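# A structural walkthrough
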Amino acid sequence: MTSVDTIAAIATPAGVGGIGVVRLSGPEAVAVARQVFVRPSGTPLAHLESHRVYYGYVINEHGERVDEALLCVMRQPRSYTREDVAEISCHGGVLTTQRVLETVLAHGARVAEPGEFTKRAFLHGRLDLAQAEAVIDLINARTQASHRAALQQLEGALSRQLRALREQLLQVSVYLEVGIDFPDEDLELVPLDELGVRLTEVASRLAHLLGTFARGQALREGLATAIIGRPNVGKSSLLNALLGRDRAIVSPYPGTTRDTIEDALDIQGVLLRIIDTAGIRMTTDTIEQEGVRRAREAVERAELLLLVLDGSTALTTDDHLLLAETAHKPRVLVRNKCDVAPCWTPAALGLSETPCLAVSALQGEGIEALEHALVQHVLGPEALAQDEVLLTRARHRQSIAMALQNVQAAARGLRDGTPLEFVAFDVTEAMQQLADVLGESCSSEVLDRIFSRFCIGK
Ligand code: GDP
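Structural notes, computed from the coordinates. Here the structure is a predicted model, which means the values were calculated and not measured. (Residues numbered from 1 in each chain as written. Predicted model: local features only at pLDDT ≥ 70, side-chain atom pairs only at ≥ 80, totals over all residues. Heavy atoms only, no water.)

## With respect to the site of the ligand
Note the following rule: Definition of nearness: a residue and a molecule or strand are near each other if at least one heavy atom of the residue lies within 4 Å of the molecule or strand. In the analysis that follows, any N or O atom pair within 3.5 Å is treated as a polar contact, provided that within protein one partner can donate a hydrogen and the other can accept it, and provided that, for residues neighboring in sequence, both atoms belong to side chains. What sets the accessible areas is the Shrake-Rupley method with a 1.4 Å probe; for residues, cover comes only from the shown protein chains. In this description a helix means any DSSP run of H or I spanning at least four residues, a strand means any run of E spanning at least two, and both kinds are numbered starting from the N terminus. Residues are grouped as follows: Ala, Val, Leu, Ile, Met, Phe, Trp, Tyr, Cys and Pro are nonpolar; Asp, Glu, Lys and Arg are charged; every other residue, Gly included, is polar.
Taken together, 17 residues are adjacent to the ligand, and Asn232, Lys235, Ser236, Ser237 and Asp339 come closest. Contacts to the ligand include Asn232, whose backbone N or O atom sits 2.8 Å from an oxygen atom. Asp339 is positioned with one of its side-chain polar atoms (N or O) 2.8 Å from a nitrogen atom of the ligand. Here the ligand has 580 Å² of accessible area as a free molecule, and 85% of this is covered by the chains. With three residues, the top contributor of residues to the shell around the ligand is helix H9 (residues 235-243). Of the residues that constitute the shell around the ligand, the class distribution is seven nonpolar, seven polar and three charged.

## Here we look at helix H3 (residues 116-123)
To be explicit about the condition: Note on exposure labels: buried denotes an accessible area under 20% of the residue type's maximum, exposed denotes more than 50%, and partly exposed covers the range between, all computed with a 1.4 Å probe on protein chains only. A contact between two residues is defined here by any heavy atoms of the two lying within 4.5 Å.
The element H3 is extensively covered by neighbouring structure, given that seven of its eight residues are classed as buried. Among all positions of H3, only Glu116, Phe117, Thr118, Lys119, Arg120, Ala121 and Phe122 are buried. The elements touched by buried residues of H3 are strand E1 (7-10), strand E2 (19-25), strand E7 (110-111), helix H4 (129-140), helix H15 (420-438) and helix H16 (444-451). After H3 finishes, the residue Gly125 shows a positive phi value of roughly 80°.

## Digging into the sheet that holds strand E6 (residues 85-91)
Put simply, the rule is: In this analysis, strands are considered paired if DSSP registers two or more bridges between them. In this analysis an axis means a line fitted to C-alpha atoms, helices contributing only their contacting stretch, and an angle means the value between N-to-C directions, from 0 to 180 degrees.
Taken in spatial order, the seven strands make up an open sheet running E3-E4-E5-E6-E2-E1-E7, and their pairing is mixed. Looking at the sheet topology across the chains shown, the edges are occupied by strand E3 (37-38) and E7. Direction of pairing for strand E4 (residues 52-59) relative to strand E5 (residues 65-74): antiparallel, over a ladder of eight bridges. Opposite Val53, over in E5, you have Cys72 as the bridge partner. Contacts between H3 and the sheet are confined to E1, E2 and E7, with E1 contributing the most and set at about 135° to the helix.

## Side note on the environment of Val174
Structurally, the position occupied by Val174 is in helix H6 (residues 157-181). Residue classification places Val174 among the partly exposed positions, given a relative accessible area of 45%.

## Digging into the packing of aromatic side chains
For the record, the criterion: Two aromatic rings, drawn from Phe, Tyr or Trp (for Trp, its six-membered ring), form a pair once their centres lie within 6.5 Å of each other, and the interplanar angle then sorts them: stacked below 30 degrees, edge-to-face above 60, tilted otherwise.
According to the stated counting rule, one finds two aromatic pairs in the structure shown. With a centroid separation of 6.5 Å and an interplanar angle of 55°, the aromatic rings of Tyr55 and Tyr57 are classed as tilted. On the numbers, 5.9 Å between centres and 40° between planes, the contact of Phe122 with Phe451 is tilted. Taken together, the residues Phe122 in helix H3 and Phe451 in helix H16 connect sequence positions 329 residues apart. According to the relative accessible area criterion, Phe451 is buried, its value standing at 2%.

## With respect to the pattern of salt bridges
Under the convention used in this document: In the sections that follow, a salt bridge refers to a side-chain nitrogen of Lys or Arg positioned within 4 Å of a carboxyl oxygen of Asp or Glu.
Scanning all chains against the criterion turns up 16 salt bridges. A salt bridge links Asp5 to Arg120; the nearest nitrogen and oxygen atoms lie 2.7 Å apart. Separated by 115 residues along the polypeptide, Asp5 in the segment before E1 and Arg120 in helix H3 bring together distant segments of the chain. Owing to a relative accessible area of 26%, Asp5 belongs among the partly exposed residues under this scheme.

## Points about the pairing of E5
With respect to burial, E5 is a largely interior element, seven of its ten residues being buried. Hairpin geometry of E4 and E5 is characterised by an intervening segment of five residues between the two adjacent antiparallel strands and by a positive phi of about 85° at Gly63. Examined bridge by bridge, E5 and E6 share five bridges and lie antiparallel to one another. Bridge assignment links Cys72 to a residue of E6, and that residue is Glu87.

Dropping the structure here:
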């Protein structure tokens, strides 16, 4: 695939900064760079060496200086897009970068669409689709763990696994084809039982990969976590203790936290999107009723609940109601105000199977243990292995789940003596699903949808 036009965009974020980069890619990238860039003496650069930085000035089509800048040209295929790329590092600032961009546009480049540089890298085979998607994740990563997962995927960890599985399926399919083409001859190169074993192996590896999705998703997007409890148990104080800064209003009067507040919490590299809610209780105050309604909504929306109870007073009807109402959700119980003599014990609740952590939001006691429990909830009992590949995208999960179904059906077919044509069909379908994740056969609509989620300039 060769691109016909040359694209350009400001690759650095909008706003004021030390440096702003305008990036060009395409067949005319070097020619445009040569036209807009001159040496300090004002003379054009006769020859632009690849991967070398030049100092000089950007001049517009009227020969006026636009900015003092550095230019680096990366000739194909040794560039991000595998096309000729030119990067002009000018002074940061909205106007300067905009003017440099306008200058290159005036010389024939066109404005790049969001993600178009990465799309070109994909279309030229520099990245597969799973890797290209990892670029978005890497840009958006907010915690160490999600950053690591994205980088692994960008480096091709997931792609390698999928290619290896596809290779195994391909071998099985070749043997099946032989069986189909020469049914009467004794050409069973590999016994059908053995093919069944291979398919079962592939199935178990696909199933393992699927099992990582919940964690991968939680790492990538964060886990929606609602802090719930009746008024005055210390929800806002707990949120503040977790956030380490005052964000929610803490007040001794019930019903002050009337709206919901969302904040992201980075606990040991794991992202929790915290939804603090108004206390849930029966009330006649209409504003507070609205708060209660939202709190119930938050409970439904949340993937994890932090149910706060006040350890310093006896449990009320509202507490018991909440405990019963949320029993179906993943939750961590918190017995707050452990700095005061406890009025009840978790055992007395009859909820010994659910963790109930004693904390003092006010004094910070037990907060670390609570954080640990939250991280464990996301990552599972074993900490994340350095090289474990996690599925992070619904698109990947869907394809891999279908591939798994196909492989299982094929293995079943072999066992049950189904005609080999049908078995081979299932194996081919499974390979197709894996190819989809890698983007080897995606429609242009799917590609457009994926790349449009990128920012401009990437
Ligand atoms: P919310 O209505 O559940 O959000 O509760 P708040 O966070 O506003 O706290 C209600 C009251 O309990 C405030 O007076 C807090 O100072 C107090 N409080 C919160 N956490 C603790 C704690 O760990 N120990 C003690 N002794 N008081 C606390």
